[in-house]
Amino acid sequence: MAVAATADSLGGVFAAVAEGLTAAMCDSIPPTGDRFEMRVRSESLEAALFDYLDECIYERDVRGVLPFDYRATVRRDGDEWVVEATARGVPLTDVTARDVKAVTYSEMELVETDDGWRAYVVFDV
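Below, the structure is looked at part by part. Each chain has its residues counted from 1, following the order in which its sequence is written. In view of the model being predicted, local features appear only for residues whose pLDDT reaches at least 70, and side-chain atom pairs are presented and counted only at 80 or more, with totals across whole chains, interfaces and linings using the full set of residues. Working from all heavy atoms in the structure, the side-chain values ignore hydrogens and water.

### Considering helix H2 (residues 45–63)
So, point 1. Helix length check: H2, at 19 residues, gives a terminal C-alpha distance of 26 Å against a target of 27 Å (1.5 Å per residue), a fit within 8%.
So, point 2. Secondary structure elements are defined from DSSP: runs of H or I of at least 4 residues count as helices, runs of E of at least 2 residues count as strands, and each element is numbered from the N terminus. Looking one or two residues past H2, Gly-64 carries a phi angle of roughly 75°, positive in sign. For a helix, the expected span equals 1.5 Å multiplied by the number of residues minus one.

Put into structure tokens, the structure is as follows:
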């Protein structure tokens, strides 16, 4: 399964791809759930996107919540990229969710355009 997203900012495109991940797992999300924080540090921008999405799947598996309503900022810190994000986590007991096993580097694309940023990510289902 693949997700394509565009946004005006780098943080916006990270959040948009994560929303696509959630949409791939669940058709209808109730307006419940507590907001939580996520932070990843990576050696490249593509690795930061991969690690961020992997963290979303990890939160689902460990916390037992379906993350959604993402907000993210992405910045360079020396030789690394840092993603600081929040999401709301709906308890999995409140939704019927399909399993997305993992994010992949297969065909991953993250490019700056004249209008902002474009991303394409393939997930293993």
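### Examining the side chain of Ser-42
So, point 1. Counting through the fold element by element, Ser-42 comes out in strand S2 (residues 34–42).
So, point 2. Only protein chains enter the accessibility calculation, which uses a 1.4 Å probe; a residue whose area is less than 20% of its type maximum is buried, one above 50% is exposed, and one in between is partly exposed. Classification of Ser-42 by relative accessible area gives buried; the value is 1%.

### Description of the sheet that holds strand S3 (residues 65–77)
So, point 1. Pairing between strands is defined by DSSP: at least two bridges between the two strands are required. Here 3 strands make up an open sheet; going across it, the order is S2-S4-S3 and the pairing antiparallel. Unpaired on one side and paired on the other, S2 and S3 mark the two borders of the sheet. Going from strand to strand, the sheet's axes swing by 20° on average, the running direction of each strand aside.
So, point 2. Examined bridge by bridge, S2 and strand S4 (residues 80–91) share 9 bridges and lie antiparallel to one another. Axis definition: a line fitted to C-alpha atoms, limited for helices to the stretch in contact. Angles are taken between N-to-C directions and run from 0 to 180 degrees.

### Some details on the nonpolar core
So, point 1. The criterion is simple. A nonpolar core is a set of buried Ala, Val, Leu, Ile, Met, Phe, Trp, Tyr and Cys residues joined through side-chain atoms within 4.5 Å. With 44 residues, the main nonpolar core has Leu-10, Val-13, Phe-14, Tyr-52, Leu-53, Leu-110 and Phe-123 as its most contacted residues.
So, point 2. Listed by contribution, the elements that provide at least two residues to this core are strand S1 (2–7), helix H1 (10–25), S2, H2, S3, S4 and strand S7 (116–124).
So, point 3. When residues in this core are grouped by element, the largest group, 9 residues, is from H1.
So, point 4. Contact criterion: two residues are considered in contact whenever any of their non-hydrogen atoms come within 4.5 Å of each other. Leaving out residues up to four positions away in the same chain, Leu-53 has contacts with Val-17, Ala-18, Leu-21, Val-103, Val-121 and Phe-123.

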